[in-house]
Every structure is written in C-alpha cells, then in structure tokens.
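Single-letter residue listing:
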Amino acid sequence: MSIPLSWSLLAISAFWLLGALIIIIPWRWAVPVSLGMALLASLVAAGLGAATWLGNIQWQEATLRFNLWDGLDVMALPPLSLEFGLDALSAFFVFLVSAFSALVAIYSFRALQAPHFRPYAHWIASAFNLFSWTTVLVIMAQDGFSLLICLELMTLSFGYLALYKHFLYQDEPEHAVDTDTRRKARLAPQVYLMTSHTSTALLVLAVLLLSINAHGLGYQAWRDNAGNLSTSLMAAIFLLSLAGLGIRAGLTPAHIWVSLVHPSSPTTTHALSLGIAIKVAIYLMYRFFFQFLSPQEWWGYVLLVVAALTALVNVWYAISSHDLKEALAYHSIENIGIICAGIGLALIFWQDEFHRPLAFVALVASLYHLLNHAVFKGLLYLATGAIDNLTHNVVDIERLGGLIYAYRFTASMFLIGSFSIAGFPPFNGFISEWLTLRAGLNSLSVLVSQASIIPFLTVLTCLLLLVASFALTAFCFYKMAGVALLGMPRLPEKERSNWEGKDVPLSMRGVMGLMAGLCLLLGILPGLIAPQLVKAFVPLGMSQGYLLSMNWMTLGGVGITATNGGEAMQLPVATLAGLMVALTVSALVLQRALPPHARRPDIPWNCGEPIMATPLHQYTSGALSYSLRKLFAFVNPQPSSGSAPDYLPSRFVLSHSPANPQQVTEVFRHAYNHLIRTLLGFSNRFGEKTQNGDIRRYLQYVFWADLIIILIYWLTSLFL
Amino acid sequence: MNLLRLLSLVQGLLLLVGAPAFLGWLNWWKARLTRRRRPLTCVVQPYRDLIKLLRLPATYAKPTSWVFRLTPVIVFAAYGSLLFTLPFFTRPLLAADLVLILYLLGLARFTLSLAGLDSASSFGGLGSNREMFFHFLTEISFFAVILALWLWSNVGAAAPTQSNALLRIVALLAVILAFFPVILLEARRLPVDNLETHLELTMAGKAVGLEFSGRDLALVEWAETNKLFFMVALWSQLPLALFEQAPRSVFLSLLLWLLAGAFLAWWEQRTPKLRLGRVPSVAQMSLLLSLFAILVRLIPGG
C-alpha cells in the first residue's frame, strides 16, 4: 500500500493543533473534545508509525519538503526548507509516542476531573496536544533546521506543562503551601528552560559542523557525508552531540533537572513526558552516532562509563527520595543509563566487522529496554497519577500506606509495575536487562581474546556498576511499594477524610490494566518482539544477514556452561513460564484446597504481647534505607551550614526529628549550586569593573570600538 | 513431550521432594559436631516438620493483603523452579543460565520482603530491610562469580583462546572459594544470619517469616530448603566445571552434595554471627576472589 506523506502529516497536525486551539472557546465540552482530538491524532499517527516500522506500507515520497525560500542571490543566502519523513527507526518512535499519547488521552478524560486539575484542565489538555504533536514532529524531522525548530517547540510546550504546580500553588491560600514547595514549583520551569537551551546550544554547534562539512542541512546529505569526515572532527561532533543530547536525556551530571521539573508537571502527562518523550534524545543518539558519523571505539567507552554512573547515581537518589513522583523521575534516568549502556556497547564494536552482530545485540537490547521502560514506567506513572487523584495530591510515601485495602486495583497495578521494573521474571524488565548483561558478557570475552586490558577493565567495572544499580532498583521499589501501598495507613483518620472512597473510574483502570498486560506479554514473548525491533534498525544498516545471527544471539545465545556440561543454551522463557505456572498452581492447591480452611484474623507477632501494633510501629522509609545509607556514607557529605543560598534544593530530609535529623545531600545539585555561586560572583566582580556607571568609561569604549573598526577596514582594504 | 523431557521433569520433581533431606543431613551433622546424639534417621526430621505444618491452617494477621497470602506461593514457585535447572541423572528441564538464576533468586527475596512490610509489624520491616540489604550484596558478588565463570568457560569469544592449565585451576579454585560467601549470603547461613536465634531483634530472614503460620509457613520453609539445597548443589557442580573431562555421574553428584552439606555444618558450628554492619565484608571477600579470578584471565597466555 502506498500512502501520500503530505496528507498524513497534515491530517495529524490538524487534529493536534485543533485540539490545542479548541480550548479557547468557552465551552463546557472543550476539554473532552480537545482530548478526543488528541486521541484521534495519536491513533492515526500510531497506526501509520506501526505500519511503516513493520514495513506494511510505503510512502509515495521519501521526504516532504516545505521550501521557506529558494535562495536569494543578492544576499548569498542558501535555500532553506523544512523536511519531514518517516523511515523505520523514526516510525518506531512515532508509533511509541503516539500510542502512549493515545493511552494518556483516554486516561485523562476522567483524571482531569479531579479537583486539583479541574481549574487548569483546559490548558493541560491544550499543552498535552501541543506536546504530543511537537514530539512527533521532532522524530519526523529530516533536516537539521526543522530538528532544531521542533526541539525548541517541544521544549516550550513542555515548559508550559511544567508551570502547572506553580499555577496550582498560586491559587492556594498563603498558609496551605510552605515557601519551600512554592519556590520549587517556581524554579521548575526556569531550570527546564535553562537546561534545554544549554542542550540546544550544544546541538546547534553539532548541527552546524555537520552541515558545513556536508554542504547541506538534510539528514540525507549528512548520511552520505559520514565517511568523509576526519576523525578529530567526528570526535568533536560526537562530544558536542553527546553533551547536548545527554543533557536532554538527563545523563549524570546533568540529571539534576529531571527530578526538579517533572514533579511540577501534571501527573496525567508523566507517562508521556518521562515515559517516552525524554527518549527522543535516545532516538537522536541512534541517528547522530550511527548514521551521521562513523563511530570510533573510544566513544563507546565514554558513553558506557557515563551510562553506568548515571544508573547508579540516580537509583541511589531514587532510594533517598520520599516523594513518589520525584523517586520515579530519578528512576527514569536510571533506566536511561541502562539504555545508554546498550548503545555504548554497540559503539565499541560497530567498526569491527567481525563482531558487528554483537553491536547489534547491544543495540536491540537498548531498544528493548527503551520499549520496556516506556511500558512499565508508563504503568507506574499512571498508577501514581491515580494515587495522586485519590488522595488529593498526597504522594509523599511517608504519608501514604495501606493503599492496597482502599484502592485495590490501583495498588495492584503499581505492584506489577514494581515487579517489572525491578527486572524479575516473568515480567518484561527481565528480558532487556538479561539482553544488556548478555551483551556485556559477550563483549568481555571478545575483549579478553583481543587482550585489550584497559577496555576490558572499563567494561568490567561498568557491568558491575550496572548490576549494583539493578539490585538497588529492587531495593528502591521494595521501599516505595512496601511503604506506600502495604501495611497500615500512616496518616491519622481525620487527615485522610478527603481521600476518595473508592478506586478510580473504569477508563483509568482499563488503561492501567492494559499496560500491566503489556508488561507480562513483553516478558513472556521476547521471541516475537525482538525480531520486530530489529526492523527498526534497518536504516542503520542491520541487514537480513544480521537478522539471522540475531536470532541465535538474542534468543538462543550461548549460556554459562558451568552447571550444564558445556552445551549451548538459550533463554528458555516458555519453559520457565510453564514451570512457574505449574509450581504456582500446585502451591496454591497446597495452600488453599486442603482442609481445614479456618483462617482467623490475628494480630501481628509482638513478642507475645496481645497488643495491636499502631501505624507508628511500622518502619519508615528513612529507616528502611538506613543500612544502605551507612554503606554509602562516603558519598553523602553534609554541606556546611553556611548562609550561602541554595539555588537548587539540594537535600532530601529523611527525618524531621529534632533529636536525630537525617538528610541526604544531592551531591550534584550541591555542585551546581557552587557553580552558580562562583559564576555569579565572577560576573558581579567583572561587572563592577567594566560597567561602573562612569560616563568617561563608556566614551572610552566607544572610542576604542571606533578605532578597531577603522583599523580592520584599513587592513582589509590594504590586503584584499 | 518426549521421553527425555519427561525424565528431566521427573528429575526436577525428585530434587524438589528430596531437598528437605539435605537440610536433615546438614542438621544431623550439626548435632553430631556439637556432641549431641542422634540416629541417622533424624535426616527425615524436616519432612516430619513439613507434614505437621501442612496439616495446620494458616492464620493471617489483620493488616495483611493478598500480597501476603500470595507470597508463599510465589516464593515456592521461584525457588522450586531453580531445582529444575540442576543436572542430576539427566539434563535439566530448564536450561537456564546463571543470570536467569540470579533474577529468580531476586524474585523470591523481593516478594518475601514485600510480605514483611505487608504485615505492618515492626519485625517485618526490620527483617525485610535486612533481607533486601543482603540481596544487594548477594547480587553483586554472585554476578562477579558469574563473570569469572563466563570468562573461564570460554564460550562467548568468537575465537576461543587457549588457556594455561595451571592458571585455569588457580582461577577456578578462587571462583569456588568466592561462591561460598554467596551461599552464606543467599541462604542466610552463619555468619550472615543465625537461623536458630529466638531473639527477634537479631533476626533477618526469620523476622520476615514470623507472620507465616501453618501451611504458609510450610511452603516458605520448604522453599527456603530448596534454595539452600540449590545453592549448595550449584557450588558442588563448580569443581566439575574445573575439569572438563571430569567424570559425571549420579554418585559423584550425590557424594559432592553430601560432602558440601557436612562442610557447611562444620563451618556453621564454628562460626559466630557477624553484626549487620560487618556483613558487607563477607560480600567483599567474595567479590575480591572473583575479581582475582577475572584478572588472572588477563595474564598473557593465561
């Protein structure tokens, strides 16, 4: 089937824009209609994306070009145009973004009716439309100019969403919200815009270097020119784009913005913004590193080290954090680290023709993890959004607890998400973590056979760091799910009086149920999913031949022979699932079916005392992380309590108790505060010297400027 | 299902049913080593305990949800399926690699720890917190062992390199030594945790299980036994990996299991419990030994 690209792009853009603009009309159905438009546009885009990715449709034109001008001879301006198109890689991402956008739209119909959303529902809906649209446009961009424009549009539309908490607190009475919370909400959009602009500035440099050398702005020109670039130039472009995209993706040390900004945006859009949209940077990494440049080996080590550090650092702060949204935001960055580790391993072996299949395994591992993370983190965000709605804005885990009794469905969904994200079989997180580790193990044995010691030690360390972060993930979600959902409610009855009486409506539960089902399906059917993911990499040169080798590497890879007599093994997902089901059923029969059945409710063990424990007897989340904090005490310096202002909030307060106050310092935010302080001090001193308000000083500047211009003019006329 | 797979299934079931006997063997040795008299028939004592518990209905504390009720089942399934990865008289049903095993162990521990928080008692939180802390330590040291085994088993490399026999033996001995602390951490044996204590404040794994009763307790205890047996069996397979031409027979495996059980009993009766803050040193020891084995692989000609 062959479809005109122009009409498709026009149609989805029209729906999304109409959805964004319709809220101008003061009409009581404006919000549902706006969300409906978003749903419609997302469904169309998701369908087209999926069909292109799986190779079911062809486009009539490869790219769509909007000419802005055809070049003006007078001013020697080159022609400028916006170019959009879809290949398999971008189609996969378009599918993912729009499918999530559709789910979020369905979820939002009822979610936006909560009291803390209702006054702002119209602009949340509008900004959501714009955000989905611009994200899809970034992915569809086929030249540097439209890429940068769309990235800026996307930044602005998300910045619009990040204003939500600020608006909310502005309308609250003075005493209801403390100044610190208000300051954080005000800080969020500012921090977001600043980090995004820093990232764009670096990307502009990378794009300029690429287009000057390729004599064109189009991706096609860059691709064709990839082989002609010199090594040092490529290294420069790599470092610039890594820094630019790394800031956008939140790689350490630039992760600080994510946990500040995202909790300020409405919870309904989290699944889209942190689940998927942050991975636009990953998409661009695939494009920049593998298509526009030809990767060098050392790039891989750089990215791998950064990725492993990102994973470990962020899971650590996720453990320290008490706020569900903040912890999930940190944890999303941990997963970005795991994805980037896959990309790093791929970069190492990309140029090595013999080991190229290994690079592809690592790439597929990263894409599989990207998909998995979108699904389980999406589920967790939607469940958090539901909790947010049910408890009227209480997401501090110290003030939750026992949600599983009042809101059984939502809590169960959060638990399923926790199992998946901690990477336990039979859920999906396991498959991609297994693939990533397997790619790492294979790389190690290749490096051993090449006797390259420093690379070997680098990969070894990174793998151990990654495994540590996997283990800490399990700890993090044990703490989060255990404290927030299980046990007894931690707030006294009267402070919970405004909590909802029953679980969220059917539409929201349905979306969560669908995501939970996907967590399971992606975990037990990797054999069906992985070959489809390979198709997304066809534009990067993954050919049919590699597809064949993929099959054994991903699903029939060799295993560790120690226990099994040296025979090659595969990941036996089907056998495992069958076995676990059989064992579960037989254990259930043992537990439930045999007489006698009497089960009387009892009080928990209290050393024999017949006293019912109170909620205060439960472990707090700060106490739960104590042993780990003690182990990692060396990374938690207590900042000197000077009077210098913290520009970014840099501490997690674990316990307010005056006798034993406990805090964890966000070392990186602390460092940024130092940086800001130093820069401000420097610019103040510099400004005092150069702009002292004395008119003679300014006249002197004018004189020197005139002199320099005349000199330049004279020199150029002399030599040219 | 062909006959071979049926045979593998039977083998797994046999190990599942036989695992408590291993605990009996271990306890018999512990009793003997402390000069308590016991007939060898006491090996079946764990079965008697299990049957007694299976007859009793479970009671549930008031603040417990379905997580708590489902936990014994999930723990049993996770640890039970581990036994289907062991070769005994035929190839195992579940041809799992060690990374999968690592995650299955994690699954059970994670669920058990959640159940600890679910009962809303102080001891549940205390125990499960320690459990997850041990899980963190175990996972890293176990993975280091996996790395060392992987690099010496030589299967991942596209062009297998010849390795020096002496270095290989040294490295694999280090791996075998490195795996022992992993057993202690994973199966919570001394010096990591004292399973015979009755003081709740010093418990780790047992504090999580305090709330389980009757049939649920039977499932959890059986599952724990399965895990202990699995870890020891895996350990006793490692010497077989050391010598690729080693004879593999049912009797050799059985002998190694029994020896390992006796060794563990001897180890336990002479080792005092470490306090919690010192437990990371157990993991450190394992990690260092594994890293030694890994680094030996880098020696040219090694």
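Residues numbered from 1 in each chain as written. Chains lettered and ligands numbered in written order. Predicted model: local features only at pLDDT ≥ 70, side-chain atom pairs only at ≥ 80, totals over all residues.

**Remarks on the overall build of chain A**
Part 1: When you go through chain A residue by residue, the secondary structure sums to 27 helices and seven strands.
Part 2: Over its C-alpha trace chain A gives a radius of gyration of 27 Å, about what one expects of a compact globule, namely 27 Å for 720 residues.
Part 3: When the backbone C-alpha atoms are referred to their principal axes, chain A occupies close to 105 × 70 × 60 Å.
Part 4: Counting every position in chain A, which comprises 720 residues, the buried fraction comes to 52%. (Helix = DSSP H or I, 4+ residues; strand = E, 2+ residues; numbered from the N terminus. Rg over C-alpha atoms; globule rule 2.2 N^0.38 Å. Buried ≥ 20, exposed ≤ 12 C-beta atoms within 10 Å, placed from the backbone.)

**Focus on the overall build of chain B**
Part 1: Assigned secondary structure in chain B consists of ten helices and one strand.
Part 2: Its C-alpha atoms give chain B a radius of gyration of 20 Å, within 12% of the compact-globule value 19 Å for 302 residues.
Part 3: Based on the C-alpha atoms only, the size of chain B along its principal axes is roughly 65 × 45 × 45 Å.
Part 4: Taking all 302 residues of chain B together, 58% fall into the buried category.
Part 5: Long-range pairs, those at least 24 residues apart, make up 79% of the contacts in chain B with a sequence separation of at least 6. (Contact = placed C-beta atoms within 7 Å.)

**A short note on the confidence of the model for chain B**
Interpretation of this model should avoid reading the predicted coordinates in detail wherever pLDDT is low.
Residue and element names in this part refer to chain B.
Part 1: Put simply, chain B has an average pLDDT of 86, and 93% of its residues get 70 or more.
Part 2: Considering each helix and strand of chain B separately, the mean pLDDT is smallest for helix 7 (residues 205-209), with a value of 82, and largest for helix 10 (residues 279-296), with 93.
Part 3: Confidence drops under pLDDT 50 across residues 155-160; counting only partners more than four residues distant or on other chains, this segment forms 16 contacts.
Part 4: Overall fold confidence (pTM) sits at 0.92, and the ipTM for the predicted complex is 0.94. (pLDDT = per-residue confidence, 0-100.)

**Notes on the interface of chain A and chain B**
Part 1: Facing 82 residues of chain A, the contacting portion of chain B comprises 86 residues.
Part 2: Breaking the side of chain A that touches chain B down by element, the ones donating at least two residues are helix 16 (403-406), helix 18 (428-449), helix 19 (453-485), helix 23 (573-593), strand 5 (601-602) and helix 25 (626-631) of chain A.
Part 3: Broken down by element, the side of chain A that touches chain B gets its largest block of residues, 15 residues, from helix 19 of chain A.
Part 4: Along the lines of polarity and charge, the residues of the side of chain A that touches chain B split into 56 nonpolar, 21 polar and five charged.
Part 5: Pairing of strand 5 of chain A with strand 1 (residues 60-61) of chain B, which is carried by two bridges, proceeds in the parallel orientation. (Nonpolar A, V, L, I, M, F, W, Y, C, P; charged D, E, K, R; others polar. Pairing = 2+ DSSP bridges.)

**Thoughts on the environment of B:Glu131**
Residues and elements named next belong to chain B.
Part 1: Looking at the secondary structure, you find Glu 131 in helix 5 (residues 122-153).
Part 2: Exposure remark for Glu 131: the 22 C-beta atoms within 10 Å place this residue in the buried category.
Part 3: Distance from Glu 131 to Val 250, taken between C-alpha atoms, is 34 Å for residues 119 residues apart in sequence.
Part 4: In this structure Glu 131 touches Arg 109, Leu 112, Ser 113, Ala 204, Gly 205 and Val 208, once residues within four positions along its chain are discounted.

**What to know about unusual backbone geometry**
Most peptide bonds are trans, and most residues other than glycine sit at a negative phi.
Part 1: Between A:Thr252 and A:Pro253 the backbone carries a cis peptide bond, its omega angle lying at 10°.
Part 2: Within the secondary structure layout, A:Pro253 lies in the loop between helix 9 (231-249) and helix 10 (256-261).
Part 3: Along the chain, A:Pro425 connects to A:Pro426 via a cis peptide bond; the corresponding omega equals 5°.
Part 4: For A:Asn393, which is not glycine, the phi torsion reads 75° and is therefore positive.
Part 5: Assignment of secondary structure puts A:Asn393 in the loop between helix 15 (356-390) and helix 16.
Part 6: The backbone of B:Arg35 sits at a positive phi, close to 65°, despite the residue not being glycine.
Part 7: Relative to the elements of secondary structure, B:Arg35 occurs in the loop between helix 1 (3-33) and helix 2 (45-55).

**Focus: helix 9 (residues 250-269) of chain B**
Residue pairs spaced three or four apart in an α-helix point in one direction, given the helix's 3.6 residues per turn.
All names here are of chain B.
Part 1: For helix 9, with 20 residues, the first-to-last C-alpha span of 29 Å sits near the 28 Å given by 1.5 Å per residue.
Part 2: If you check which residues of helix 9 are buried, you get Trp 257, Ala 260, Gly 261, Leu 264, Ala 265 and Glu 268. For helix 9, the arc enclosing every buried residue in end-on projection is 140°, short of the 170-degree limit, so these residues lie on one face. Those residues of helix 9 that are exposed and angled more than 90 degrees off the buried face are Phe 251, Leu 255 and Leu 259. (Expected span 1.5 Å × (residues − 1). Arc of directions from axis to C-beta.)

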